[in-house]
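Here is what each chain is made of, one letter per residue.
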Amino acid sequence: MNLMLLGAPGAGKGTQAVELAKLLGIPQVSTGDIFRANIKGNTELGKLASSYISKGMLVPDEVTFDIVKDRLLQDDCKNGVILDGFPRTIAQADMLDKFFAEIGRKLDYVVNIVVDDAAVVARLSRRRICPDCKQSFHLDFAPPAGEKCTNCGGTVVQRPDDVEEVIMQRLQEYHKQTAPLVEYYKEKGILVDSESVNDIEQALQNTKNAIGV
Ligand code: AMP
């Protein structure tokens, strides 16, 4: 199955993608994670991506598509993928469509994870993450143990783009560039909605119901 999770920043795409990947036995492909790994490794791609990410802006389409294409051609992706955070623009969606057609594949479902802006700000401004195992925490609802990750013992941090000014910019980018994908995929007949409630188990269940797994 090829699945794509669509939704505003903080909708819970990453959290749900990890669980769905385990359940379906296919990898999560997160462009945000790939960029962050490159930033950490101080690569040329990382330097370029960082100049956009730190401002809450989208990395250019061609650059982003190239890394997704490479990733999709890797062996572990041959039985399906969970796309998390890609595509984020109509141009990226068109490129993916063409590429999938070329290699004889298609998106089966696009899950539109629905959340309102106020919830996004409340979630992201209090979010902390473990850079080692990617576990996500919330200072009020799912706190880490002090500064330690309850999953792997790593030191949790705040993502530099999870500060209010950048969150607002990311939301703006979402509404302007990414939200039009809802109509785009609705017209293709593959869009399903999943309400992103604060209870993570329930939110995941909503998605599982939407795709029938
Ligand atoms: P995420 O981890 O999905 O929240 O992504 C973090 C940041 O990486 C975004 O705010 C963008 O700056 C960048 N990014 C991730 N995915 C994409 C994409 N598909 N297109 C452009 N920029 C992206």
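Residues numbered from 1 in each chain as written. Predicted model: local features only at pLDDT ≥ 70, side-chain atom pairs only at ≥ 80, totals over all residues. Heavy atoms only, no water.

1. Thoughts on the overall build of the protein
Here's step 1: Helix and strand counts for the protein stand at nine helices and seven strands.
Here's step 2: Over its C-alpha trace the protein gives a radius of gyration of 16 Å, about what one expects of a compact globule, namely 17 Å for 213 residues.
Here's step 3: A principal-axis box enclosing the C-alpha atoms of the protein has dimensions of 50 × 40 × 35 Å.
Here's step 4: Put simply, the protein has 213 residues, and 45% of those count as buried.
Here's step 5: Across the protein, contacts joining residues at least 24 apart in sequence account for 69% of those joining residues at least 6 apart.
Here's step 6: Working note: accessible area of the protein is about 10600 Å², and carbon and sulfur atoms make up 51% of it.
Here's step 7: Positive and negative side-chain charges in the protein, numbering 25 and 30 respectively, have mean positions lying 3 Å apart. (Helix = DSSP H or I, 4+ residues; strand = E, 2+ residues; numbered from the N terminus. Rg over C-alpha atoms; globule rule 2.2 N^0.38 Å. Buried < 20%, exposed > 50% of the residue type's maximum accessible area, 1.4 Å probe, protein only. Contact = heavy atoms within 4.5 Å. Areas by Shrake-Rupley, 256 points an atom, 1.4 Å probe, with all protein chains shown as cover. Lys, Arg positive; Asp, Glu negative; His and termini not counted. Charge placed at Lys NZ, Arg CZ, Asp CG, Glu CD.)

2. Here we look at the site of the ligand
Here's step 1: Taken together, 16 residues form the shell around the ligand, and within it Thr-31, Arg-36, Met-57, Arg-88 and Gln-92 come nearest.
Here's step 2: The separation between a nitrogen atom of the ligand and a polar main-chain atom of Val-59 is 3.0 Å.
Here's step 3: Contact with the protein chains covers 95% of the free accessible surface of the ligand, which is 480 Å².
Here's step 4: Top contributing element to the shell around the ligand by residue count: helix H2 (residues 31–40), with four residues. (Near = heavy atom within 4 Å. Polar contact = N/O pair within 3.5 Å; in protein donor to acceptor, adjacent residues only side chain to side chain.)

3. With respect to the packing of aromatic side chains
Here's step 1: Inspection of the entire model under this criterion finds three aromatic pairs.
Here's step 2: Centroid distance Phe-65 to Phe-86: 6.5 Å. Interplanar angle 25°. Geometry classified as stacked. Of the two residues, Phe-65 sits in helix H4 (residues 61–72) while Phe-86 sits in the loop between strand E3 (81–84) and helix H5 (90–102), which places them 21 residues apart along the sequence.
Here's step 3: On the accessibility criterion, Phe-65 (8% relative accessible area) is buried.
Here's step 4: Judged by relative accessible area, which is 0%, Phe-86 ranks as buried. (Phe/Tyr/Trp six-rings, centres within 6.5 Å; stacked < 30°, edge-to-face > 60°.)

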